[in-house]
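Results of the structural survey
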Amino acid sequence: MPFQLTDEQVLTRDSVREFAEAEIAPIAAEIDQNHRPPLESIGKLAEAGLLGMLIPEEYGGAGLDALSYAIAIEELSRVCATHGVLVEAHSSLCTWAIAHHGTEDQKRKYLPDLASGEAVGAFGLTEPNAGSDASSLATTAVRDSDEFVLNGQKIFITNGGFAKTFVIMARSTDAPGVKGISAFIVERGRPGFEILEPERKMGIRGSSTTPLAFTGCRIPAANLLGQEGAGFKIAMQILDGGRTGIAAQAVGIAQGAFEAACKYAKERVQFGRPIAALQAIQWLIADMAVDIAAGRALVYRAADLESRGEPHGQAAAMAKLFCGEMATRVTGKAIQVHGGVGYTEAYPVERAYRDAKITEIYEGTSEIQRLVIARHYLR
Ligand SMILES: Cc1cc2nc3c(=O)[nH]c(=O)nc-3n(C[C@H](O)[C@H](O)[C@H](O)COP(=O)(O)OP(=O)(O)OC[C@H]3O[C@@H](n4cnc5c(N)ncnc54)[C@H](O)[C@@H]3O)c2cc1C
């Protein structure tokens, strides 16, 4: 399916690229080295309209279509995958959920702050014993008159260290399996809601990834998001959009590494000429370019289906699967083009290689994407 970006989408791509190069590129290596969340970027991202992309205009956002959003995530990730996932988790996993499943009161209460950067969003599904099998989650939300009382633990929550608004999945009825799961909005600072120590990770090291603990945490019953018992369905819808976002992140990481490899190949001289003149290097460059173009086409296809209100879960799973594995391949080749220096922190491809790996894991591993895709054909 050929895609002709609209003038607005081209403008989004160009302006996010300019913003990322000016505001994010200068700190990308440092936040990685120091495992430091880039808190100073939150206001800048908000000012550039990048925290309200999936929030309707009437609640202070930009109300972008899914393709424009994917393009923006690609551009942020091209420079820094940490910033890419900060915005992706905030947007796809939190603001989208409230904008699509929230009551009018919830939208008015939470979305303007999430668009302005006053609050950053996060999403809590995963638990120590519920990863790929998210339906086995054990956190409970027990109704007590006009409140729910939360008990349990979440792990690996992106933006956990600084987010103010969390969309949390918990079991609120005795109904078995997915039927007992509901979604809730939980605000940071509630008594009994504790943010635990962040993980130290292989890549996206500036991204804050924390466990959350709920111990008798009381939230208003009005913070139920969507119908009681609809939580798992909401989580799967969230992930349908989120997977396109992660696929876009993977394309951005690969694109950044590819550009670095092209630049280095033209500069590095061996045997009396730039290594770009060697066919072995040209083939690496050609294979990387084809891989990225194929991945981007899958992202655009999934995002375009979503923008048009068509079913897009299958297309998102395909994009996520291909792009996650593609980014690992492409960043590995980018290191190969650089030779020894590519293996050092002196060049950005080392960081890109570490960052790429997570796109094969979060929001559903590659194995889970294969299950989703195969189920579609074999049902
Ligand atoms: C940096 C980071 C950020 C994250 N951010 C968030 C977040 O913001 N919110 C959130 O809720 N979660 C988040 N996660 C959790 C993430 O989505 C899970 O780690 C992921 O879904 C895999 O679950 P798991 O780690 O428990 O692996 P497991 O489910 O234990 O899987 C282990 C291995 O078994 C394979 N496997 C499992 N089941 C099957 C099957 N049925 N068929 C074939 N293979 C299978 C997996 O593919 C994998 O290879 C994050 C994780 C990380 C590392």
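Bear in mind the structure is a predicted one, so any value in this text is a computation, not a measurement. (Residues numbered from 1 in each chain as written. Predicted model: local features only at pLDDT ≥ 70, side-chain atom pairs only at ≥ 80, totals over all residues. Heavy atoms only, no water.)

1. Here's the deal with the site of the ligand
Taken together, 20 residues form the shell around the ligand, and within it Thr126, Ser132, Phe156, Thr365 and Glu367 come nearest. For the ligand, a nitrogen atom lies 2.8 Å from a polar atom in the side chain of threonine 158. A distance of 2.7 Å is found between an oxygen atom of the ligand and a side-chain nitrogen or oxygen belonging to threonine 365. For the ligand, whose free accessible area comes to 970 Å², the fraction covered by protein is 65%. For the shell around the ligand, the elements supplying multiple residues, two or more each, are β1 (121-124), β3 (147-158) and α10 (366-378). (Near = heavy atom within 4 Å. Polar contact = N/O pair within 3.5 Å; in protein donor to acceptor, adjacent residues only side chain to side chain. Areas by Shrake-Rupley, 256 points an atom, 1.4 Å probe, with all protein chains shown as cover. Helix = DSSP H or I, 4+ residues; strand = E, 2+ residues; numbered from the N terminus.)

2. Overview of unusual backbone geometry
The residue phenylalanine 271 is not glycine, and still its phi comes out positive at about 55°. Inspection of the secondary structure assignment puts phenylalanine 271 in the loop between β9 (269-270) and β10 (273-274).

3. Regarding the nonpolar core
Counting residues in each nonpolar core, the largest one holds 101 residues, and the members touching the most others are Leu45, Leu76, Phe123, Met169 and Val299. Considering each element in turn, this core owes the most residues, 18 residues, to helix α6 (residues 231-267). Filtering out sequence-adjacent residues up to four positions away, leucine 45 remains in contact with Phe19, Ile24, Leu50, Leu51, Leu76, His83, Leu86 and Val87. (Core = buried A, V, L, I, M, F, W, Y, C linked by side-chain atoms within 4.5 Å. Buried < 20%, exposed > 50% of the residue type's maximum accessible area, 1.4 Å probe, protein only. Contact = heavy atoms within 4.5 Å.)

4. Notes on the state of the cysteines
Tallying each qualifying case throughout the model produces 0 disulfides. Lacking any disulfide linkage, cysteine 80 is separated from the closest cysteine sulfur, that of cysteine 323, by 19 Å. We note that cysteine 262 lacks a disulfide partner, and the nearest cysteine sulfur, in cysteine 323, lies 18 Å from it. (Disulfide = S-S within 2.5 Å.)

5. A look at the packing of helix α8 (residues 313-338) against helix α9 (residues 348-357)
The contact between α8 and α9 brings their axes to 8 Å, and the two run at 160°. On the basis of their axis angle, the class for α8 and α9 is roughly antiparallel. Relative to α9, α8 is oriented so that their crossing is left-handed. Residues Ala327, Thr328, Thr331, Gly332, Ala334, Ile335 and His338 of α8 lie in contact with α9, whose contacting residues are Val349, Glu350, Ala352, Tyr353, Ala356 and Lys357. (Axes fitted to C-alpha atoms, helices over the stretch in contact; angles between N-to-C directions. Parallel < 35°, antiparallel > 145°, perpendicular 65-115°, else oblique. Left-handed = near helix turned anticlockwise from the far one by under 90°.)

6. Things to note about the pattern of salt bridges
Per the counting criterion, the structure on display carries 22 salt bridges. For the salt bridge of glutamate 21 with arginine 78, the shortest nitrogen-to-oxygen distance reads 2.9 Å. Pair noted here: glutamate 21 is in helix α1 (residues 7-33) and arginine 78 is in helix α3 (residues 66-79), with a separation of 57 residues, a long-range link. For glutamate 21, a relative accessible area of 41% translates into the label partly exposed. (Salt bridge = Lys/Arg side-chain N within 4 Å of Asp/Glu carboxyl O.)

7. Section: the domain arrangement of the protein
Once the domains are mapped, the protein shows domain 1 (7-119), domain 2 (122-228) and domain 3 (232-378). Here domain 1 and domain 3 have C-alpha centroids that lie 20 Å from each other. With 25 residues of domain 1 at the contact, the number on the domain 3 side is 28 residues. Where domain 1 abuts domain 3, roughly 2,100 Å² becomes buried across the two surfaces, and 59% of that area is made up of carbon and sulfur atoms. Counting the contacts that link domain 1 with domain 3 gives 3 salt bridges. Close ionic contact of aspartate 32 with arginine 354 constitutes a salt bridge, the shortest N to O distance being 2.8 Å. The tally of links from domain 1 across to domain 3 stands at 8 residue pairs in polar contact (both at pLDDT 80 or more). Mapped by element, the contributors of at least two residues to the side of domain 1 that touches domain 3 are α1, α3 and α4 (81-101). In terms of residue class, the side of domain 1 that touches domain 3 is built from 14 nonpolar, 5 polar and 6 charged. (Domains from an automatic or database assignment. Buried area = accessible area lost by both parts, 1.4 Å probe. Nonpolar A, V, L, I, M, F, W, Y, C, P; charged D, E, K, R; others polar.)

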